[in-house]
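# What the coordinates show
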Amino acid sequence: MMLKKFSQKRICVAVSGGMDSVALLHYLHSQRGKYGYFLLAAHCEHGIRGEASLADMRFVQELCETLGVELFLFQEDCVARSKKEKVSLETAARNFRYESFESLIKGGKTDYIATAHHQLDEAETVLFRLARGTALSGVKGMEEKSGWLIRPFLDWSKAEIEKYAEENRLEYRVDETNADLQYTRNKLRAEVLPKLEEAVPAAGKNIAKFAAVAAEDDAFLYELAKELLEEKKDGYFVKFSEKKPLVTRACLMALKGLGVEKDYTSEHLDALFVLQACQRGSKLDLPKNVECIREEKGLFFHVKQEESDIEKPKAKPFSMDGFDGGRYEVIIAKEGILDEKSEWKVLRADLGKIPKNAEFRFRKDGEEMQVFGGGTKSLKKLLNERKIPVCEREWLPMIADRDCVYAVCGVEISERVKVDAETREQIYIYLRKKNGE
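Residue indices begin from 1 for each chain and proceed along its sequence in written order. Two thresholds apply to this predicted model, a pLDDT of at least 70 for residue-level local features and 80 or more for giving and counting side-chain atom pairs, whereas whole-chain, interface and lining totals are computed over all residues. Working from all heavy atoms in the structure, the side-chain values ignore hydrogens and water.

Buried residues are those whose accessible area, probed at 1.4 Å on protein chains only, stays under 20% of the maximum for their type, while exposed residues exceed 50% and partly exposed ones sit between those limits. Numbering of helices and strands starts at the N terminus; helices are DSSP runs of H or I of at least 4 residues and strands are runs of E of at least 2. The element strand β8 (residues 235–239) is largely enclosed, with a buried count of 4 among its 5 residues. Summarising the sheet, strand β7 (residues 229–231) and β8 pair through 3 bridges and their orientation is antiparallel. Note that in β8 the partner of Glu 231 across the bridge is Tyr 236. Here β7 folds back onto β8, and the loop between the two strands holds 3 residues. In terms of strand pairing, β8 meets strand β11 (residues 298–303) through 5 bridges, oriented antiparallel. Across the sheet, the residue bridging to Phe 237 is Phe 300, located in β11. For two strands to be treated as a pair, DSSP must find at least two bridges joining them.

The following block contains the structure:
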């Protein structure tokens, strides 16, 4: 990693007390004058190994005092946490570490967190993800820099770190749980990778190289996928394509844009690709209340609003005062608003042709309208032809009585209320989003 890019930045090393993290702290401490960054350290005491864990903490404290490096300490009973959250001990410990690191970033204590992941860790991660089932994005493994997380040793082999520690006579702690084969990653590290290296020399290094190539390919595919993605006011739109690698990546970017970072699965992405071939209006429920709707030319992603978020109002007698429709508002004006900008159509109607018993309300199943220009159509067909998203249809206010629909606000007026040569008073009907858009 090129350390000069971190000049005048604060780098906080995650130090467990083991050989890898001690070597990283020592190395970055030795290079700080050359590259001009500020060095800090953080230690997370997981409460897993009793006195041994506390001894690790004291060791790190003494090491940082010797080097003159400011240390941030975090402590947690991860055994109790794993039971409370009903997750594995590995997961509880990892969550604790990253929450601790993130608190330093958000608290303005540091700019970056440096971890001692190296080449063998990269190979281990790739094998682990392949074994569990992953796509190219997962195969790419770790990155030297990912947001506020940096990995300066990622291109170092384990042998190089061991050599560095030996040459600099570094003392470090040995965590006996690293030899506990009940942990999946320990099995890969202790049993699988050594046998693989025995069968194919430099296997770990080559797997790490493959991960780097996979990352480049994945980044290229994401760039192509961006051409399918459009950001909308209320969500994201993904254009249809027969190229599944691009569609799934575009869908994934849409999901992440709506806050779905880790809760999706490959089954979700497969289902989204299949949704392209479904009937228009078909829907797919996704994590975090995200919904995908199959529209005419693509897939629309949005966060569903809870019933309690917006209450659909009751019908109200038609008047020039307009109508608050919950998600939309109807504005009735006697003159055109020249600077009005809206994605919804501005309608003109003959005020005298709208009956006194007309009201603002929402559509009912099976309703029809005598459309402008003649002919009768079902509202469903009309809205399909006008490409109105399914998620918007139930929120479009109408002007209607019990028997006839005179206008679907923002979409079309009926032939019954059109402006003609005998019109004495015309009105303009505007539809606006409640947030003013």
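Looking now at the sheet that holds strand β22 (residues 426–433). Strands in a sheet are paired, the pairing made by backbone hydrogen bonds, and the direction either parallel or antiparallel. Pairing within the open sheet is antiparallel, and its 4 strands lie in the order β13-β14-β22-β15. With partners counted over all chains shown, the strands left at the sheet margins are β13 (323–324) and β15 (347–350), one partner each.

Moving on, we get to the nonpolar core. Grouping buried Ala, Val, Leu, Ile, Met, Phe, Trp, Tyr and Cys residues that are joined through side-chain atoms within 4.5 Å yields what is termed a nonpolar core. Counting 36 residues, the largest nonpolar core has Phe 318, Val 330, Leu 396, Ile 399, Val 408, Ile 427 and Ile 429 as the members making the most contacts within it. The set of elements that each furnish at least two residues to this core consists of β14 (328–333), β15, α12 (379–385), β19 (398–400), β20 (405–408) and β22. Of all the elements, β20 adds the most residues to this core, at 4 residues. Counting residues in hydrophobic clusters, the runner-up holds 29 residues, among them Leu 3, Phe 6, Phe 153 and Leu 170.

Here we come to the sheet that holds strand β12 (residues 316–317). Read across the sheet, 5 strands follow the order β12-β16-β19-β20-β21 without closing on themselves; strand pairing throughout is antiparallel. A single partner strand is all that each edge strand has here, and the edge strands are β12 and β21 (412–413). In this sheet, β21 lies alongside β20 in antiparallel orientation, the contact comprising 2 bridges. Considered in β21, the bridge of Ala 407 is made with Ile 413.

Turning to the packing of helix α5 (residues 119–132) against helix α9 (residues 203–225), a few remarks are in order. Axis definition: a line fitted to C-alpha atoms, limited for helices to the stretch in contact. Angles are taken between N-to-C directions and run from 0 to 180 degrees. It is the contact of α5 with α9, at a shortest axis distance of 8 Å, that shows an interaxial angle of 70 degrees. Taken as axis vectors, α5 and α9 run roughly perpendicular relative to one another. Here the hand of the crossing between α5 and α9 comes out left-handed. Contacts from Gln 119, Glu 122, Ala 123, Val 126 and Leu 127 in α5 reach Gly 204, Lys 205, Ile 207, Ala 208 and Ala 211 in α9. Reported orientations rely on four angle classes, namely roughly parallel under 35 degrees, roughly antiparallel over 145, roughly perpendicular from 65 to 115, and oblique for the rest. Note on convention: the crossing is left-handed when the near helix lies turned anticlockwise from the far helix by less than a right angle, right-handed when the turn is clockwise. Contact between two residues is taken to exist if any of their heavy atoms lie within 4.5 Å; hydrogens are not considered.

The backbone phi angle of Lys 86 is positive, close to 55 degrees, even though this residue is not glycine. Position of Lys 86 among the secondary structure elements: in the loop between α3 (78–85) and α4 (89–106). Take Lys 86: its relative accessible area is 77%, and that puts it in the exposed class.

So, about helix α2 (residues 51–67). Here α2 is 17 residues long and its end C-alpha atoms lie 24 Å apart, about the 24 Å a rise of 1.5 Å per residue gives. When we look at burial in α2, the residues that qualify are Ser 53, Ala 55, Asp 56, Met 57, Phe 59, Val 60, Leu 63 and Cys 64. Those residues of α2 hidden inside the fold are in contact with α1 (19–35), β2 (38–45) and β3 (70–75). Phi turns positive one or two residues past the end of α2, at Gly 68, with a value near 75 degrees. What a helix is expected to span follows from its residue count: subtract one and scale by 1.5 Å.

Another point: the environment of Pro 245. Within the secondary structure, Pro 245 is located in helix α10 (residues 244–257). Residue Pro 245 is classed as partly exposed on the basis of its relative accessible area of 42%.

What follows covers the packing of α10 against helix α11 (residues 266–275). Where α10 meets α11, the closest approach of the two axes is 9 Å, and the angle between their N-to-C directions is 115 degrees. It follows from the interaxial angle that α10 and α11 lie roughly perpendicular. As α10 packs across α11, the resulting crossing turns out to be right-handed. Residues Lys 244, Val 247, Thr 248, Cys 251, Leu 252 and Leu 255 of α10 form the contact with α11, whose participating residues are Leu 269, Asp 270, Leu 272 and Phe 273. Its residues placed into classes, the contact of α10 with α11 shows 7 nonpolar, 1 polar and 2 charged. As a working rule, the residues Ala, Val, Leu, Ile, Met, Phe, Trp, Tyr, Cys and Pro are called nonpolar, Asp, Glu, Lys and Arg charged, and the rest polar, with Gly in that last group.

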